[in-house]
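Fold and contact review
Residue-level listing of the chains:
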Amino acid sequence: MNGATPIRLLLADDHPVVRAGLRAVLDTEDGFAVVAEAATAEEAVRRAAAGGVDVVLMDLRFGPGLHGAEATEQITALPEGPRVLVLTTYDTDADILAAVEAGAAGYLLKDAPPGELAAAVRTAAAGRSALAPAVAHRLMDRMRSPAQALTKRELEVLGLVGEGLSNLQISRRLFLSQATVKSHLVHIYAKLGVDSRTAAVAAAAGRGLIRRV
């Protein structure tokens with residue numbers, strides 16, 4: 001990007017007030033141009049595919065329909081697609097891993113100061129990774145203790161347990177056998193040092209691994 005070309009932004013969030021707030025902040029920054037908004041993840045994918053966008057600021061939770069991480073994966077798979085900077089209130093391992101594996105160029109929390117947000121947008125537009133300090137710290141902790149860290153699949157299983165799903169329902173949702181689901185739960189219990197579904201959910205939520213239900 002040269003100084004004469006603004007970074008073209010797409011704001012993807014289902015809350016109009018949030019989009020208006022982001023636009024107000026970003027409009028004060030030199031070199032930024034908010035060219036589009038999307039109230040759903042599906043709309044964000046369509047608008048990104050239409051071109052003319054350099055960076056998408058993507059929320060993770062949109063209600064019914066496509067999840068922000070799924071939309072991120074579709075956008076980053078586009079030929080010459082824009083970079084995606086996740087901007088969310090969630091900092092759990094489950095959300096962070098889903099976004100990073102989907103190809104997000106960065107992960108920032110919505111309470112980030114305006115200067116940090118602007119810097120993250122520029123970093124993402126330049127093709128580099130932009131992680132909030134707290135998010136980078138969580139990823140480093142996982143790298144330091146990989147044997148104790150829950151895998152992405154284990155986090156998915158445990159998240160569904162937290163939503164009250166049975167092993168059969170989880171197996172159908174994730175296209176796994178019930179035996180595989182049980183195996184994941186055995187590993188989860190061992191890593192968390194617990195012996196029940198309730199204790200596993202409580203321990204994981206307390207450590208910020210999954211969202212509190």
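This text follows the structure it describes.
Residues numbered from 1 in each chain as written. Predicted model: local features only at pLDDT ≥ 70, side-chain atom pairs only at ≥ 80, totals over all residues. Heavy atoms only, no water.

1. Topic: the overall build of the protein chain
Of regular secondary structure, the protein chain possesses 10 helices and six strands. In summary, the protein chain has a C-alpha radius of gyration of 18 Å against a globular reference of 17 Å for 213 residues, a match within 12%. Along the three orthogonal principal directions, the C-alpha set of the protein chain runs to about 60 × 30 × 30 Å. Relative to its full complement of 213 residues, the protein chain shows a buried share of 45%. A sequence separation of at least 24 residues applies to 61% of the contacts in the protein chain between residues at least 6 apart. Within the structure as shown, the protein chain displays about 10500 Å² of accessible surface, and the carbon and sulfur contribution to it stands at 55%. (Helix = DSSP H or I, 4+ residues; strand = E, 2+ residues; numbered from the N terminus. Rg over C-alpha atoms; globule rule 2.2 N^0.38 Å. Buried < 20%, exposed > 50% of the residue type's maximum accessible area, 1.4 Å probe, protein only. Contact = heavy atoms within 4.5 Å. Areas by Shrake-Rupley, 256 points an atom, 1.4 Å probe, with all protein chains shown as cover.)

2. With respect to the sheet that holds strand β3 (residues 55–58)
Sheet architecture is open: six strands sit in the order β2-β1-β3-β4-β5-β6, paired in parallel fashion. Edge positions in the sheet fall to β2 (32–38) and β6 (130–131), since each has one partner strand and no second. As judged from the four bridges shared by strand β4 (residues 83–88) and strand β5 (residues 106–109), these two strands associate in the parallel manner. The partner of V86 across the bridge, within β5, is Y107. (Pairing = 2+ DSSP bridges.)

3. Details of the pattern of salt bridges
Scanning the entire structure with this criterion turns up 12 salt bridges. R19 is the salt-bridge partner of E37, the closest N and O atoms lying 2.9 Å from each other. In this pair, E37 sits in strand β2 while R19 sits in helix α1 (residues 16–26), placing the two residues 18 residues apart along the sequence. Judged by its relative accessible area of 11%, R19 is buried. Close ionic contact of E156 with R153 constitutes a salt bridge, the shortest N to O distance being 2.9 Å. (Salt bridge = Lys/Arg side-chain N within 4 Å of Asp/Glu carboxyl O.)

4. Considerations on the packing of helix α7 (residues 152–162) against helix α10 (residues 197–206)
At their nearest, the axes of α7 and α10 sit 10 Å apart, and the two run at 110° to each other. Regarding the angle of α7 to α10, the classification is roughly perpendicular. For the crossing formed where α7 meets α10, the hand is left-handed. Of α10, the residues touching α7 (which contributes L158, V161 and G162) are R197, A200, V201 and A204. (Axes fitted to C-alpha atoms, helices over the stretch in contact; angles between N-to-C directions. Parallel < 35°, antiparallel > 145°, perpendicular 65-115°, else oblique. Left-handed = near helix turned anticlockwise from the far one by under 90°.)

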